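Residues per chain are reported as follows:
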Amino acid sequence: MNRRQLCLLAALAIATAPALAQEDGTDKVTVSGSIQSDVLVPQEDEKIGSPKYDEWALTNTYADINLRSKNVDAGLRFEFLKHPLPGFEKDFKGWGVPNFYVKGKFEKFEITAGSFYDQFGSGFIFRTYEERSLGIDNSLLGVRMVFKPYKGIQLKALTGEQRRYWSHNPSWISGGDLELNIDEWSKRLSQSGTHIMVGGSYVNKYEEDENDRIFADATHMLRFPQNVHAWDARLQVQKGGVNVLAEYAQKTQDPSFDNGYIYRKGNVAMLSASYSRSGMSVLMQQSGLTTCRSAAAAQ
Amino acid sequence: MKKLFFALLVMLLGAAGTVSAQLPAVTLKDINGNTVRTDTLSNGGKPIIIDFFATWCKPCNRELKAINEVYQDWVEETGVKLIAVSIDQAQNINKVKPMVDEYGWEYDVLLDPNSEFKRALGIQMIPYVIIVDGKGNIAYKHNGYTDGAENELIEKVRELIKN
C-alpha cells in the first residue's frame, strides 16, 4: 500500500468515527471484548513424582469480541486450548472459534442465530452455560427466539445442536418456555406488593440410534428411544418477606453411558419457602429426585 | 480483498475509539420479584455501583458488608446507588433474599441465575465491581477484593460527581 492510499485510509477512519458516535445513541456501535489467559509453567520434581510434560508452558486462553448496536449484536469467541492446563478431559484439547452469534433485538421480539445460552425455570430440564474454570461450555448452536407480546408474558423457543468440546452432540435439541408474571397485569396484585409467577417448559432431544450397539446379554440389544421428552412446571409467590417456589419436572426414558443405561423415567420436585426481614431469615428447601435404579430393560 | 478487510478493520477501530461502553440489555428479576432491564438502570444522573456477588463467595460478602457500614454516608455525600447482582444458580437463588435481609443490606439486589448479565459484560471471576457514571457509561471496573478497597470506589464516585 503506498503513502497516498495510507493517507486516504487514515482520513476515512477519522471521518467515520464522528459519524458513528452520535450522542443520541441511535447509530452507536459499541465494540467490547476481553482476553483471558491462564498460564502454568510446569516444574519437574522426581521426589514428589510430578508428571512430565512435553510443553514448557501450558495455557487456557480465551479471547472474545462483541459488537453492540441498537438493533443488532454480534460476537465471537476464540479459544486456544491446544496445550491446556492439567485437570481437564482429553477431548478438551483443541483450538478454534467454537462460539459465534448474531442477535436481532426489536421491541417485542428478539432472535439469535449462532451460539447461545439459556435456562428454563430453575434449569431442571434445560440449562446451557459456560464455566471456564470447570471447562464447561454446553452452548447450543442454532436459533433462539424470545417474544414479549404483552407485559408479564414471555415466550421462548429454541432449537439447535449442543456443543461438546470441539464438535457437537449427534442429537437435536428443541424446546420452549412460557413464563407469566401475573402481577404485571393485575393492578390489585401489584398494589398489594404481591408477585405471582407461573411458568412451564418443554424440551425434546432427538437422536437417531443407528450408531449405538449395546448388548444387555448375548442375544438382546438395547433399543434406544429416538425422542426424549422433558417438561417442567413452576409457581412462585412472593409478598413482603415471604417467598414460596414450587417446581416439578419430568423426563421420559433417556438411557446413556453416563447413567448406566437406565430406563426409568426421571422426575424432580422442589419446594422452597423463606421468610425474611431485616435482621433475620428462615429458609426451608426440599427437593427430591427418584434415585432407585432399575436394571436396563432389554427389548 | 485483504485491503478491503484491513480498511474495514481500521474503520471499526476508528469508530470504537470514540464510543464508551454502556450497559448491555438483559432482563433480570430483583429479589422482590420485579422485572428489571439492565440497560435502563438509572440513578437520576448520579453514578451507580454494580457489584457482582454470590452467597458462597466469601470475599464478595466481606466487600458488601464493609460497604454496608459506610453506605448511608456514601449516599448522603454523593447520591450513589449500589446494585448488587447475585449469580447464584437456581437452587441457591432462594438463599439470596434471606442472606441480604439477615445482614440488613439496603442495596437493590438483582438475580442473574444463568450469569447472563455477567457474561454480557465479559466478567469471569467475582467479586467484580463496575461503576457507571451519570450518563450510563462504564467508568471503572475492578476484580477482587482486599480489605479497604471500597475506599477506591468512593474516590472514583467522588471524581465522577465533580464532572
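Residues numbered from 1 in each chain as written. Chains lettered and ligands numbered in written order. Predicted model: local features only at pLDDT ≥ 70, side-chain atom pairs only at ≥ 80, totals over all residues. Heavy atoms only, no water.

Quick look at the state of the cysteines
Residue and element names in this part refer to chain B. Applicable threshold: Disulfides are defined as cysteine sulfur pairs within 2.5 Å.
Summed over all chains, the structure comprises one disulfide over all chains. Between the sulfur atoms of Cys57 and its disulfide partner Cys60 the distance amounts to 2.1 Å. On the S-S bond that ties Cys57 to Cys60, the torsion sits near 75 degrees, and the link is right-handed.

What to know about the domain arrangement of chain A
Residues and elements named next belong to chain A. As a reminder, the rule being used: Segmentation into domains, and thus their bounds, comes from an automatic or database assignment. Two residues qualify as a contact provided that any one of their heavy atoms is within 4.5 Å of a heavy atom in the partner residue. Defined here as a combined quantity, buried area equals the accessible surface (1.4 Å probe) lost by two parts on assembly, summed across both. We define a salt bridge as a side-chain nitrogen of Lys or Arg found within 4 Å of a carboxyl oxygen belonging to Asp or Glu. Any pair of N or O atoms that falls within 3.5 Å is considered a polar contact. Within protein, one atom must be able to donate a hydrogen and the other to accept it, and sequence-neighbouring residues count only if both atoms are side-chain atoms.
Domain boundaries in chain A define domain 1 (1-105) and domain 2 (107-292). Tallying the contact residues gives 22 residues for domain 1 and 19 residues for domain 2. Summed over both sides, the interface of domain 1 with domain 2 buries roughly 1700 Å², with 47% coming from carbon and sulfur. When the buried area of domain 1 at its contact with domain 2 is split by residue, Arg77, Asp91 and Pro98 rank highest and sum to 24% of it. The tally of links between domain 1 and domain 2 comes to six salt bridges. Close ionic contact of Glu130 with Arg77 constitutes a salt bridge, the shortest N to O distance being 3.4 Å. Inspection of the region where domain 1 meets domain 2 yields 13 residue pairs in polar contact (both at pLDDT 80 or more).

Topic: the packing of aromatic side chains
Rules: Aromatic contacts are taken between Phe, Tyr and Trp rings whose centres are within 6.5 Å, Trp giving its six-membered ring; a plane angle under 30 degrees counts as stacked, one over 60 as edge-to-face, and the others as tilted. The buried label applies to any residue whose accessible area, calculated with a 1.4 Å probe on protein chains only, is under 20% of its type's maximum; exposed applies above 50%, and partly exposed to all values in between. A ring has a charge above it when a Lys NZ or an Arg CZ is no more than 6 Å from the ring centre and no more than 35 degrees off the ring normal.
Taken as a whole and assessed by the stated rule, the structure comprises 13 aromatic pairs over all chains. Each ring, one from Phe88(A) and one from Phe92(A), has its centre 4.4 Å from the other, and the planes form 10 degrees; the classification is stacked. Here the aromatic rings of Phe106(A) and Phe109(A) are separated by 6.4 Å at their centres, their planes lie at 10 degrees, and the arrangement is stacked. Residue class for Phe109(A) comes out partly exposed when judged on its relative accessible area of 24%. Among the aromatic residues, those joined into a cluster by ring pairs are Phe53(B), Tyr71(B), Tyr103(B), Trp105(B) and Tyr107(B). In this structure, Arg127(A) is placed above the aromatic ring of Tyr129(A), and the distance from its NZ or CZ to the ring centre is 3.9 Å. It is Arg163(A) that lies over the ring of Trp166(A); its NZ or CZ is 5.0 Å from the centre.

A closer look at the environment of Pro98(B)
Convention followed: Secondary structure counts use DSSP, requiring at least four H or I residues in a row for a helix and at least two E residues in a row for a strand, with both numbered from the N terminus.
Looking at the secondary structure, you find Pro98(B) in helix α3 (residues 96-103). Through-space distance from the C-alpha of Pro98(B) to that of Ile31(B) is 9.8 Å; in sequence the pair is 67 residues apart. The contact partners of Pro98(B), leaving out residues within four places of it in the chain, are Ser274(A), Ser276(A), Ser281(A) and Leu283(A).

Re α3(B)
The element α3(B) is extensively covered by neighbouring structure, given that six of its eight residues are classed as buried. Once α3(B) finishes, Gly104(B) follows within two positions and takes phi at roughly 70 degrees, a positive value.

So, the sheet that holds strand β1 (residues 27-30) of chain B
All names here are of chain B. Basically, it comes down to this: Pairing between strands is defined by DSSP: at least two bridges between them are needed. A fitted line through C-alpha atoms serves as each axis, taken over the contacting stretch for helices, and the angle formed by two N-to-C directions is quoted from 0 to 180°.
Read across the sheet, seven strands follow the order β2-β1-β5-β4-β3-β6-β7 without closing on themselves; strand pairing throughout is mixed. Two strands bound the open sheet, and with one partner strand each, they are β2 (35-37) and β7 (138-143). Strand-to-strand twist of the sheet, defined as the mean angle between neighbouring strand axes without regard to direction, takes the value 30 degrees. Summarising the sheet, strand β3 (residues 48-53) and strand β6 (residues 128-132) pair through five bridges and their orientation is antiparallel. Within β6, the residue paired with Ile48 across the bridge is Val132. Along the sheet, α3 makes contact with β3, β4 (81-86) and β5 (108-111), crossing β5 at roughly 165 degrees. The strands touched by helix α5 (residues 150-162) are β3, β6 and β7; relative to β7, the strand with the most contacts, the crossing angle is about 175 degrees.

Topic: the nonpolar core
Basically, it comes down to this: Think of a nonpolar core as a cluster: buried Ala, Val, Leu, Ile, Met, Phe, Trp, Tyr and Cys residues, connected wherever their side-chain atoms sit within 4.5 Å.
Ranked by internal contacts, the top residues of the largest apolar core, which has 48 residues, are Ile50(B), Phe52(B), Phe53(B) and Phe117(B). Every element with two or more residues in this core is listed here: β3, α2 (58-78), β4, α3, β5, β6, β7 and α5 of chain B. Formed by eleven residues, the second largest nonpolar core is a distinct cluster that contains Ile125(A), Phe126(A), Leu158(A) and Val203(A).

Observations concerning the pairing of β3(B)
Residue and element names in this part refer to chain B. Short version of the rule: A clockwise path from the first strand over the helix to the second, with the strands pointing away from the viewer, defines a right-handed crossover.
With respect to burial, β3 is a largely interior element, six of its six residues being buried. Residues of β3 alternate between two faces, with Ile48, Ile50 and Phe52 on one and Ile49, Asp51 and Phe53 on the opposite face, all of them buried. In the sheet, β3 pairs with β4 via six bridges, with the strands oriented parallel. Bridge pairing in β4 links Asp51 to Ala84. A crossover connection joins β3 to the parallel β4 through α2; in handedness this β-α-β unit is right-handed.

Re the pairing of strand β9 (residues 153-164) of chain A
All names here are of chain A. Sheet topology note: the strand β8 (residues 140-147)/β9 ladder contains eight bridges and is antiparallel. Note that in β9 the partner of Val146 across the bridge is Lys156. In this structure, the hairpin formed by β8 and β9 is closed by a connection of five residues, where Gly152 is found at a positive phi of approximately 90 degrees. With eight bridges connecting them, β9 and strand β11 (residues 172-181) associate as antiparallel partners. Bridging from a neighbouring strand, Gln154 pairs with Glu179 of β11. Taken together, the two bridges between β9 and strand β10 (residues 167-168) define a ladder with antiparallel strand orientation.

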